[in-house]
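Close look at the chain arrangement
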Amino acid sequence: MRKGPPTSTRYEEPNRAARAGNAVIRWLAESGVSIAGTRALRVRGRKTGQPRGVVVNLLTVDGVDYLVSPRGNTQWARNVRAAGEVEIGPRWRRQRLRAVEVDDAAKPELLRRYLDRWFWQVKGYVGGLTPESTDQQFNAAAPTIPVFALASR
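Owing to the predicted nature of the structure, the values given are computational and were not obtained by experimental measurement.

Secondary structure assignment for the protein chain yields four helices and six strands. Each helix (α) and strand (β) of the protein chain, taken in turn from the N terminus, gives the series α-β-β-β-α-β-β-α-α-β. Among the 153 residues that make up the protein chain, the fraction classed as buried is 43%. Of the accessible surface of the protein chain, which amounts to about 8,200 Å², a share of 49% is contributed by carbon and sulfur atoms.

This is the structure:
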């Protein structure tokens, strides 16, 4: 696990249609309806301190849950990095979890598994990676894609 700022600041900002779609999917996730593994994420804003909500795909590998930010150094990823904790789940059953950023060296296998499951959803903004990308391509992209391991507080 690592501390400190990311080595890259790649951020592929969603367009208006993507933001509108994400708002609907987030509302469903906050209501307890998961679409293809989506979860509602809430994190304290690093500037305002106010809770911020977003929908994420929760990757589970060997019993550990991971948050992956395929668009890069997004607002929610920066907030998670600053807060060190998140809330996951629907409104009535949120879990508060500690979030620790994963070292770049450990990301390639996690990114490959993430893309195996959700490439159809993130293919336009995951730094040019595909599930068939080479190890070298995953290693090169790892610093541009924040990944957080979640654990009980």
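On to the confidence of the model for the protein chain. In the predicted model, the protein chain carries a mean pLDDT of 84, and the fraction of residues at 70 or more is 78%. Averaged over each element, pLDDT in the protein chain is lowest for helix 1 (residues 16–30) (60) and highest for strand 3 (residues 64–68) (96). This stretch, residues 2–7, has a pLDDT under 50; its non-local contacts, to residues over four places away or in other chains, come to twelve contacts.

When helix 2 (residues 75–83) is considered as a whole, its buried residues turn out to be Trp 76, Ala 77, Asn 79, Val 80 and Ala 83. With its buried residues spanning 160° around the axis, helix 2 presents them on a single face. Here the buried face of helix 2 lies against strand 1 (38–44), strand 2 (51–61), strand 3, strand 4 (85–88), strand 5 (95–101) and strand 6 (147–152).

In this section: the pattern of salt bridges. The final tally for this structure, using the stated rule, is six salt bridges. A salt bridge links Glu 85 to Arg 96, with the shortest nitrogen-to-oxygen separation between them at 3.9 Å. A residue pair is termed long-range when its members are at least 10 positions apart, and Glu 85 in strand 4 and Arg 96 in strand 5 qualify at eleven residues. Taking the relative accessible area as the measure of exposure, Glu 85 reaches 22% and is therefore partly exposed.

Reading the values: rules and limits
- Residues numbered from 1 in each chain as written.
- Predicted model: local features only at pLDDT ≥ 70, side-chain atom pairs only at ≥ 80, totals over all residues.
- Heavy atoms only, no water.
- Helix = DSSP H or I, 4+ residues; strand = E, 2+ residues; numbered from the N terminus.
- Buried < 20%, exposed > 50% of the residue type's maximum accessible area, 1.4 Å probe, protein only.
- Areas by Shrake-Rupley, 256 points an atom, 1.4 Å probe, with all protein chains shown as cover.
- pLDDT = per-residue confidence, 0-100.
- Contact = heavy atoms within 4.5 Å.
- Arc of directions from axis to C-beta.
- Salt bridge = Lys/Arg side-chain N within 4 Å of Asp/Glu carboxyl O.

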